[in-house]
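# Fold and geometry: a report
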Amino acid sequence: MAPASPVWPTAGVLWAPWALLLVLLFSWRLWAIQDDFQQCTWQVVLNKFHHVGEATSTVRFFAQEPEDTVANVFNLLTDSPIDPTEKYLGFPYYLKVNYSCKREPSDDLVRRAHLMGLKPLVLVTFHSPINFYRWKIEQLQIQMEAAPFRNKETCLASEVCGMSWYTPMPLKNGSSVMRVDVDSNGLGPFISPKSFYMNINGFLKSEKNKLQFTIGDELFYMMPWHFENVSSRPLRCTLDHSPVLILGGIPNEKTILITDTNFEDVSLVELSIDSCWVGSHYCPQTGFSATIHDAISTETTLFIRQNQLVYYFTGNYHTVLDKKHKSSNWVRVLANECISKLCPVHFDSNGSEYVLALTMGKHEGYVHVMTIRDGEVFFQMYPKQWSVCEKTNVAKCSIIWAAMISAEFILRLLVQNTDPYSNKKYYTMSSYNILKDELEVLYNFPEFIPDARGLEFLMMLGSEAYTNTPMIPRGMLFNTFNNLLFLWGNFLLQSYNNENFIYLADFPKELYIKFLVNSFQGDLVMVTDTEEVWYLHEGSYTVYRLLPSRGWDMYVSLQNMHHSSLFAPEETMITLFYDQGLLYQIAYIKTENKGRVIKRLIPVEKLLMYQRTEHQLQRQGGHLKLSFIDFCPFVVMRLQDVPNPQAYTREERYLARPPLVMDPSGFHNEKSLAVYQGLVYYLLWLHSKYDKPYADPEHDPTWRWWKNKKQDEDYYFYMASNWRSAGGVHIDMESYEKIYNLRPNHQLPERIFLDKGTTYTFSIFLTAQGDSFSMPSDLDVAFQVQSKLALGVVVADPLCIQALVQQKVLVNRNSVQFLITLMDKRHCYDQGISGHHLMKTAMMIQVLGSSGYCFHNTNQGLIMQGDLMVPIFIGCPPGKRLAFDITYTLEYNRQQNKHYFDCVFSDPEMPCFLFRDMFYPFFLIQDLVTGDSGSFNGSYVMKVVGGGSSMDNVRDYSDEEIYRYNSPLDKTESLIWNTRTERTTEDMAFHILSHKSLGIEWLCLQNSPCHDIIPPNIFPPEFYFKVLVSNRDVDSSTYCDYQLTFWLHIHGLPLSNRRALFIVMVSVSSFMGLVILYLAFSLLWPYMVIAWNSLRWKINNVMTSESYYTYATSTAMFSMASQMSFPESYRAPSKVFQEKEELEPTSGMKSQT
């Protein structure tokens, strides 16, 4: 924020002085605003899930698994647009966001900014994994809005004292490097955007609730002798893929510096290695030192060299690799070799990383290539059959440096040869092709450094004059993007084609370069033995000394005037490295007898501006006038007509805002933050599950999330408006979406991906400095204004891409507009899977005469203008896929076949197709980055590669079976399908189909797996086909090798003739048997009734007679007893019973008649 303006008195003041005061006031306000821009900075730390709101709770990034910490909160959201049956998880960490300015308390600033409406916007970028065989290659980002949260400490204020902003810290499988960019929402104070790295540290373990390093013991006190009077050393790692950076070089200590935040904080660790030393006749070691001489970090593994011994340690990165591959101790490798140096390979290739180990002693002249994939390390020694010395017919030689072009598997070797007679040393640079096992000498170094005779550079042709200073090479560096090779020692050579070398004469031959630092964006820094730092912009030939220099002295003086804590009288440079195009220095400074390691920016643009600024004094009248000379050929340089970046950068971005809370103060609580965690997790889960073969009706990963809740959106808003949302939070469905329309902001993208024949077009607008137009001297030439402004475009691989430049002169605006078109030439790359095996190249743009002279001041600092470099990747861009268009396929099949019959038990995720109908498949090319989805109009080959009668017994077919089931050349009666399309592959093995094909007819011949399927029930047989669709070698419209595997459910399969005849015979026989049985039953039924009645009468007779005799016997006995014990009157009724018994047989005979 700008400070308030002073109150000026209203006394009578002359108009001219008043205008002057206004000018001074306006200038002072601009200075104050600019000062505020520079003084305020964002601060981001990690908080554990259960420690949110604690002011001093900061942790390291160790946990890597989502946690079941939010399920109870989501159970309360009974009236929200979420699916209660889904599983919502949370991440183990939050990002805590604050900001601070000098001379003001941080808590006061945060409260003030919150009341002014400031909301930090956090963009998390997941760096793509290296092993594309295991993980999907994608450029994924998620943008979140930070939620305000009150600190938990007690406070006397009624509303808020301390507060911070929080967002979830998401994780993604396959990514261990995450960049966090923080910016404001445009309200409140202006704070410059800032980037942080929140990388997973896989070299930590938890013991007794404390984090400890697995590679050794952490030393909590950094002593001065660790850094003072110690030479700087290079930082070596795999570019953009190393979550942990390490530095060795501490004298006589087996300790390293380690960081997982790009040196925002750093730890000193003493390594737990055996520190043994083996000297022998084949390993001529002159002494022992505990110093870690070489240290290289990769995506999951650390490499170190101590003396001649090499060790590696694989971290615990189970989001990237299997847990079984992690190390428990340092692993010593190449135990029988004498390793003199470890050389880094900055770029990965073929899903792997590489480290080069140079040998000496018995295997001198060989290189060990260490290949790292999924945490496993493999070794191979090259050349395979002979040493470099033997191949070049040299009695004694030594490889002093090696560089690897990983994409082409080519080694560049810097070789020191020794003449056996004169013992004189001379140097060569050779190239070894690993795949072809061929060695070629590319360059023979001259004995002495050439004499440039005042020139900036000199082409090395062999006929130039030389000085008396010997040329001593030390190393080399190859930029894969622009094919620029640098050879360095007490000189600097560069070459674009490995044949013609240019000597850069601005670098003094009295100095020796110790190491190079390349940004791979057009900047190169050299560090000498005397700790001088020199700078070169690639494409130019002028070398500048950055420090010590006049510009550096001016910059340090200005920083001391601002009482900067990053500068001190006693300091030692540890290393230099580039991060996102900016040069940073790691230094050890000592103030008030207290030392610490700091990270500070080296403002290359400011230093060059301070150095290149020239002034002159001119007398005007009676006084001297100070004027500055501007050597920049233009005043303004703007980029125009830049297309939207996502189609070319291939960055997928999601948006996630926090849920709205029902608290009137607007502050979130632990439950609402837990809901935020679960929503972000589910959003990323939907992204990971979206890569399915059947295309959704809407091409968006979030469509399935809200498809059943969209119609109730007004209801949820009504409940939130009346503060009645369930759980105290309101989830806005529009706050969780995928962004497809990012704007370019008048900047070129960080990288450009080009598919086959793709073009990228933009304009550069230059306003000239002074008079820059002229007329042609030849009057016969047609009238055409000529401009002195010139712009050049250089492409690193002109056989693969081309750049067209059209100039338009705008005389009335004193400007020139250049229309630049970058185009792929369609023949430099074979087909590949999306994101795999991309060819690296670059485009470089330079305005003539601008290098080192043109600068532009922005609210984010000074930037250099006139030189641009954009990395280019040629091949199949990430984020493109082939999908089965089930919606249009069903519609078109219904139209062509005049009907559609689904299965009896239908599955909406996998509709059925009838066997006897012609099958017309259609496919979509879906762009996951831009949201485009269109019909695939190219050619493809379709194969059935697996199947089964049910999903429980499916199997994959062998290559022989695939040929028999799909090839029109098959003679074994095994075809599953056929088509009337006559176009086939060159070997006529398979049909070539397209969206215009005549359809597919299902055959299921005698020897096919779908022939004669026995139905498990009364319904017709079904079969599941596993279908592979690929455009490999049959489609020339794209570099993409689209491969789609999906399941196809076919029902109504016919039975074989034999089985059908058998079923008919059985059915007829069964029917005839039933008819005969019916007739027999109808004819015999009356007789059966008579027989049954007769049988029943006889059974009744027998039962009645037995009952009678049993009754008569019992009656007689009862009568005798009665006569003895009862009077006469009681014995009379027995006669009646006797008469009735005599009449019963007669009545029975009548009933039978």
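Every chain begins its residue count from 1, and numbering advances along the sequence as written. Local features in this predicted model are restricted to residues whose pLDDT is 70 or higher, and side-chain atom pairs enter the listing and the counts only when it is 80 or higher, whereas totals over whole chains, interfaces and linings include all residues. Only heavy atoms go into the side-chain values, all of them from the structure, while hydrogens and water stay out.

Now for the overall build of the protein. Every helix listed is a DSSP run of H or I at least four residues long, and every strand listed is a run of E at least two residues long, numbered separately from the N terminus. When its secondary structure is counted, the protein shows 14 helices and 69 strands. Accessible area is worked out with a 1.4 Å probe on protein chains only. A residue is then buried under 20% of its type maximum, exposed over 50%, and partly exposed in between. Looking at the protein as a whole, 50% of its 1153 residues are labelled buried. For the protein, the share of sequence-separated contacts (at least 6 apart) that also reach a separation of at least 24 residues comes to 63%. Note on areas: Shrake-Rupley, 1.4 Å probe, and residue coverage restricted to the protein chains presented here. Split by element, the accessible area of the protein, about 57000 Å² in all, is 54% carbon and sulfur. Contacts are residue-level and defined by heavy atoms, with any inter-residue pair within 4.5 Å sufficient.

Time to look at the sheet that holds strand β23 (residues 376–382). Spatially, four strands are ordered β20-β21-β22-β23 in an open sheet, and the strand pairing comes out antiparallel. With one partner strand each, in any of the chains shown, β20 (338–344) and β23 form the two edges of the open sheet. In this sheet, neighbouring strand axes are inclined to one another by 25° on average, regardless of whether the strands run parallel or antiparallel. Only strands that DSSP links by at least two bridges are regarded as paired with each other. As judged from the six bridges shared by strand β21 (residues 353–360) and strand β22 (residues 367–373), these two strands associate in the antiparallel manner. By the bridge assignment, Ala357 is partnered in β22 with His368. Orientation is described by axes fitted as lines to C-alpha atoms, over the contacting stretch for helices, and by angles from 0 to 180 degrees between their N-to-C directions.

One open sheet holds the three strands; their spatial order is β60-β62-β63, and the pairing between them is antiparallel. For this open sheet the edge positions go to β60 (880–884) and β63 (933–935), each flanked by a neighbour on one side alone. Neighbour to neighbour, the strand axes of the sheet diverge by 30° on average, direction disregarded. Here five bridges tie β60 to strand β62 (residues 923–927), and the two strands are oriented antiparallel to one another.

A few words on the state of the cysteines. Put simply, a disulfide is two cysteine sulfurs that come within 2.5 Å. This structure, assessed with the given rule, holds seven disulfides. Paired by a disulfide, Cys632 and Cys854 hold their sulfur atoms 2.0 Å apart. Across the S-S bond of Cys632 and Cys854 the torsion is about 105°, and the bridge reads as right-handed. Of this pair, Cys632 sits in the loop between β43 (623–629) and β44 (634–640) while Cys854 sits in the loop between β56 (839–847) and β57 (855–858), and the two are 222 residues apart along the sequence. Exposure remark for Cys854: the relative accessible area of 1% places this residue in the buried category. Between the sulfur atoms of Cys1004 and its disulfide mate Cys1010 the distance is 2.0 Å. Of note, the bridge from Cys1004 to Cys1010 carries an S-S torsion of about -110° and is left-handed in sense. The same class applies to Cys1004 and to Cys1010, which are both buried.

What follows deals with the UniProt feature "transmembrane region" (unreviewed entry) in the protein. UniProt positions are given in the numbering used here, feature names are shortened, and annotations may be inferred rather than shown by experiment. The UniProt record annotates "transmembrane region" (unreviewed entry) at residues 1060–1088. Within the segment residues 1060–1088, helix and strand shares are 100% and 0% respectively, and the terminal C-alpha atoms sit 40 Å apart.

Our focus in this paragraph is the pairing of strand β58 (residues 861–864). As paired strands, β57 and β58 are joined by four bridges and run antiparallel to one another. Looking across to β58, one finds that Phe855 is bridged to Met864. Hairpin geometry of β57 and β58 is characterised by an intervening segment of two residues between the two adjacent antiparallel strands.

Let us look at unusual backbone geometry. In this structure, Pro383 follows Tyr382 across a cis peptide bond, with omega equal to -10°. Mapped onto the secondary structure, Pro383 falls in the loop between β23 and α4 (388–391). In the segment running from Leu547 into Pro548, the intervening peptide bond is cis, with an omega of -5°. Relative to the assigned elements, Pro548 resides in the loop between β38 (543–547) and α5 (550–561).

Under the pairing criterion, centres of Phe, Tyr and Trp rings, with the six-membered ring standing for Trp, must be within 6.5 Å; the plane angle then separates stacked pairs below 30 degrees from edge-to-face pairs above 60, leaving the rest tilted. For the structure on display, the rule yields 62 aromatic pairs. For the pair Phe203 and Phe313, a centre-to-centre distance of 6.0 Å together with 55° between the ring planes defines the contact as tilted. With Phe203 in the loop between β8 (194–197) and β9 (204–207) and Phe313 in strand β18 (residues 309–314), the pair connects residues that are 110 residues apart, well separated along the chain. Consider the rings of Trp401 and Trp488, whose centres lie 5.9 Å apart with planes at 65°: the pair is edge-to-face.

The method works on a 1 Å grid over the protein atoms by themselves. A cavity is a set of points holding a 1.4 Å probe that cannot get out, a pocket is an open set with protein on both sides within 12 Å along at least five of seven lines, and residues with an atom within 4 Å of a point line them. Grid points are joined across faces, edges and corners, and a volume is the space filled by probe spheres set on the points. When its volume is computed, the second largest pocket comes out at roughly 1200 Å³. Lining the second largest pocket are 39 residues, with Trp135, Lys136, Glu138, Ser688 and Asp691 sitting closest to its centre. For the lining of the second largest pocket, the secondary-structure elements that each account for two or more residues are α8 (670–689), β60 and β69 (1043–1051). Looking at which element gives the most residues to the lining of the second largest pocket, the answer is α8, with six residues. Classifying every residue of the lining of the second largest pocket by side-chain character gives 17 nonpolar, eleven polar and eleven charged. Each residue receives one of three labels: charged for Asp, Glu, Lys and Arg, nonpolar for Ala, Val, Leu, Ile, Met, Phe, Trp, Tyr, Cys and Pro, and polar for the others, Gly being one of them.

Further remarks concern the confidence of the model for the protein. Interpreting fine coordinate detail is not advised for predicted regions of low pLDDT. For the protein, the average pLDDT comes to 86, and 89% of its residues sit at 70 or higher. Confidence, read as mean pLDDT per element, is least for helix α1 (residues 15–39) in the protein (39) and greatest for strand β3 (residues 121–126) (97). One number per residue, pLDDT, summarises how confident the predictor is, and it ranges from 0 to 100. Low confidence marks residues 1–38, where pLDDT is under 50. Its contacts with residues over four positions away, or in another chain, come to 26 contacts. Across residues 1117–1153 the pLDDT falls below 50, and counting only partners more than four positions away or on other chains, this stretch makes seven contacts in the model.

Below, the discussion takes up the pattern of salt bridges. The working definition used for a salt bridge is a side-chain nitrogen of Lys or Arg within 4 Å of a carboxyl oxygen of Asp or Glu. Evaluated as defined, the whole model comprises 37 salt bridges. Linking Glu531 and Lys514 is a salt bridge whose minimum nitrogen-to-oxygen distance equals 2.8 Å. Of this pair, Glu531 sits in the loop between β36 (523–528) and β37 (533–537) while Lys514 sits in strand β35 (residues 513–518); the two residues are 17 residues apart in sequence, bridging distant segments of the chain. Across the pair Arg1032 and Asp830 runs a salt bridge, and its minimum N-O distance is 3.4 Å. Of the two residues, Arg1032 is situated in the loop between β68 (1022–1030) and β69 and Asp830 in the loop between β55 (815–824) and β56; the sequence distance between them amounts to 202 residues. Beyond isolated ion pairs, a larger network of salt bridges with shared partners links Lys692, Asp696, Arg704 and Glu909.

Any helix carries an expected span of 1.5 Å times its number of residues minus one. For α5, which comprises twelve residues, the first-to-last C-alpha distance of 17 Å matches the rise-based estimate of 16 Å (1.5 Å per residue) to within 8%. By the burial criterion, the buried members of α5 are Gly551, Trp552, Tyr555 and Val556. Seen from one end, α5 has its buried residues packed into an arc of 130°, which puts them on one side. Residues of α5 that are buried sit in contact with β38, β41 (594–601) and α6 (604–612). The first or second residue beyond α5 is His563, which carries a positive phi of 55°. This arc is taken over the directions from the axis of the helix to the C-beta atoms.

Before going further, it helps to spend a moment on the nonpolar core. For this analysis, a nonpolar core means a set of buried residues of the types Ala, Val, Leu, Ile, Met, Phe, Trp, Tyr and Cys, connected via side-chain atoms within 4.5 Å. Core analysis: the biggest nonpolar cluster contains 91 residues, and Tyr99, Val124, Ile142, Met169 and Ile215 have the highest contact counts within it. In terms of residue count, the dominant contributor to this core is α8 (eleven residues). Two domains each donate at least three residues to this core, and these are domain 1 (37–200 + 650–735) and domain 2 (202–329). Setting aside its immediate chain neighbours within four residues, Ile142 contacts Val122, Leu123, Val124, Phe126, Pro170, Tyr654, Ala656, Val680, Leu683 and Leu684. The next biggest cluster of nonpolar side chains, apart from the first, holds 46 residues, and it includes Val345, Tyr382, Cys397 and Tyr427. All the domain ranges listed were derived from an automatic or database domain assignment.

Here Gly938 shows up in the loop between β63 and β64 (941–948). For Gly938, a relative accessible area of 8% gives the class buried. Apart from residues no more than four positions distant in its own chain, Gly938 is found in contact with Leu993, Ser994 and Asp1035.

Bringing the environment of Val269 into the picture now. Considering the arrangement of structural elements, one finds Val269 in strand β15 (residues 267–271). A residue is classified by how much of its surface remains accessible, and Val269, at 0% relative accessible area, is buried. For the pair formed by Val269 and Phe213, sequence separation is 56 residues and the distance between their alpha carbons is 7.9 Å. Those residues in contact with Val269 that sit more than four places away from it in its chain are Phe213, Ile215, Gly216, Asp217, Glu218, Lys254, Thr255, Ile256 and Ile258.

Let's shift gears to a nonpolar patch on the surface. Nonpolar side chains (Val, Leu, Ile, Met, Phe, Trp, Tyr) are joined into patches within 5 Å and like charges within 9 Å, using only residues with over 30% relative accessible area and no salt bridge. On the surface, Val1064, Val1068, Phe1071, Met1072, Val1075, Tyr1078 and Leu1079 cluster together to form a nonpolar patch covering roughly 680 Å² of accessible area. Relative to the assigned elements, Val1068 resides in helix α13 (residues 1057–1125).

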